[in-house]
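# What the coordinates show
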Amino acid sequence: MGIRHRHSSSSSASAQRVLDPASQVKLAYVESADLTRWLATSGTSPLAVVSFGSSPTLSLPCPVIQLDLPVLGCPDQCEVWSCDHPVRLHKDGDLSAAISGDLLFGYITAVEADGGLNRTAYRAYQQLLRLLHESGFPHLWRIWNYFPQINEEQHGLERYRSFCMGRHEALAGMLPGFPASLPAGTAVGTQSGPLQIYFLAGAHPGRPIGNPRQINAYDYPKIYGPRSPSFARATLCRSDGTTQLFISGTASVVGHQSQHEGLADMQALETVENLRALIERAQCTAHCLDQETKPQSVFKVYVRNPKHLETVRPILRAPFLLSSQLLYLQGDLCRKELLVEIEGLMTTD
Ligand code: 3EB
């Protein structure tokens, strides 16, 4: 209990700003070889570092998340989450968190034991939701889920579907406002490792955004598994004059159906169209995300088959992508036929 600082309230907005640290989270992709220098000179406090591929283990003053997702087309990169204010760390077994102002960055790993992935996911989600309730950060904004053999069958069910069951059961039981309050999400298959989940939560709620071209994933029919995937297409978060749009893993899905089976180029085009529609919907909701204010954006592109990198890369030329930082990773996607998936973060000051 009580790991969040309670700030005294003030009627003056400027005094509030001093007393109540802004919770804008910063995201940068940094070449692994440059990480130490970057951290020493960025002037920010790290919340977490996510490394991909075969990056070395570093000892850092924050959670370090190593994902077995090979980086494609460039040297190994790290995803660095940081903020302008001091960070407090919290550790409880396999769960660690970095807290700053109104923001919590958490990381949990779970080795799969008896009961399979369903129970493992259920227990991990229970544990992380309990932390959020007890610590004063009840609002989940964004969550990433990674585990190996995502499309393999186990105990008669595809592992992704089994994961969805455990996740759904925990969230339906413990997340206030479920399913409308679900966070933006990603679920991608790694080449090895335990179940790894990292997440951002806030003391105040984000606003879920739907995609007009897609039905909500939590309303998918049962043909995709006994329990629907528990995520929103995007979350819009405002803090201290900054608007951030956390965009979920977005793929070639229209309505609830996968499009363009076997065609990586067409899937990439459809995905860009989905992203465009989603961003447009968010812009209608938050006027400060419009083009003139030039958001800073980063996107992670997951490609199932590394040979499709050169097919996909030239297609990602929409204006909102051309002005963004892009990182390509090799990852397995949660439906066998999906070849490309793109997630992102857009920030407008
Ligand atoms: C889709 O639209 C593609 O289960 O958390 C994308 C993002 C997808 C997150 C998840 C799944 C998830 O259904 C798959």
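If you tally the helices and strands in the protein, you get seven helices and 20 strands. A compact globule built from 349 residues should have a C-alpha radius of gyration of about 20 Å, and the protein, at 19 Å, falls within 12% of that. In terms of principal-axis extent, the alpha carbons of the protein reach across some 55 × 50 × 40 Å. Burial analysis of the protein (349 residues in total) assigns 54% to the buried set. Pairs at least 24 apart in sequence give 77% of the contacts found in the protein among residues at least 6 apart. Working note: accessible area of the protein is about 14400 Å², and carbon and sulfur atoms make up 51% of it. Computed over 30 positive and 32 negative side-chain charges, the separation of the two mean positions in the protein equals 4 Å.

For any two helices packed against each other, one specifies the inter-axial angle together with the distance between the axes. Contact geometry for helix α3 (residues 116–135) and helix α4 (residues 159–174): axes closest at 7 Å, N-to-C directions at 30°. In terms of orientation, α3 and α4 fall into the roughly parallel class. Helix-helix and strand crossings are classified by hand; for α3 and α4 the assignment is right-handed. The segment α3 lies against α4, with Leu117, Asn118, Arg119, Ala121, Tyr122, Tyr125, Gln126, Leu129, Arg130 and His133 engaging Arg159, Ser162, Phe163, Met165, Gly166, Arg167, Glu169, Ala170, Leu171 and Met174. Split by residue class, the contact of α3 with α4 holds 10 nonpolar, five polar and five charged.

This paragraph deals with the sheet that holds strand β4 (residues 77–83). Sheet strands pair by backbone hydrogen bonding; their relative direction is either parallel or antiparallel. Read across the sheet, four strands follow the order β1-β4-β2-β3 without closing on themselves; strand pairing throughout is mixed. Strand pairing shows two members of the sheet lacking a second neighbour, β1 (26–31) and β3 (64–67), which therefore form its edges. Pairs of neighbouring strands in the sheet enclose a mean axial angle of 20°, with direction left out of account. As paired strands, strand β2 (residues 45–52) and β3 are joined by four bridges and run parallel to one another. From the neighbouring strand, Ser51 faces β3, where its bridge partner is Gln66.

Criteria and thresholds
- Residues numbered from 1 in each chain as written.
- Predicted model: local features only at pLDDT ≥ 70, side-chain atom pairs only at ≥ 80, totals over all residues.
- Heavy atoms only, no water.
- Helix = DSSP H or I, 4+ residues; strand = E, 2+ residues; numbered from the N terminus.
- Rg over C-alpha atoms; globule rule 2.2 N^0.38 Å.
- Buried < 20%, exposed > 50% of the residue type's maximum accessible area, 1.4 Å probe, protein only.
- Contact = heavy atoms within 4.5 Å.
- Areas by Shrake-Rupley, 256 points an atom, 1.4 Å probe, with all protein chains shown as cover.
- Lys, Arg positive; Asp, Glu negative; His and termini not counted.
- Charge placed at Lys NZ, Arg CZ, Asp CG, Glu CD.
- Axes fitted to C-alpha atoms, helices over the stretch in contact; angles between N-to-C directions.
- Parallel < 35°, antiparallel > 145°, perpendicular 65-115°, else oblique.
- Left-handed = near helix turned anticlockwise from the far one by under 90°.
- Nonpolar A, V, L, I, M, F, W, Y, C, P; charged D, E, K, R; others polar.
- Pairing = 2+ DSSP bridges.

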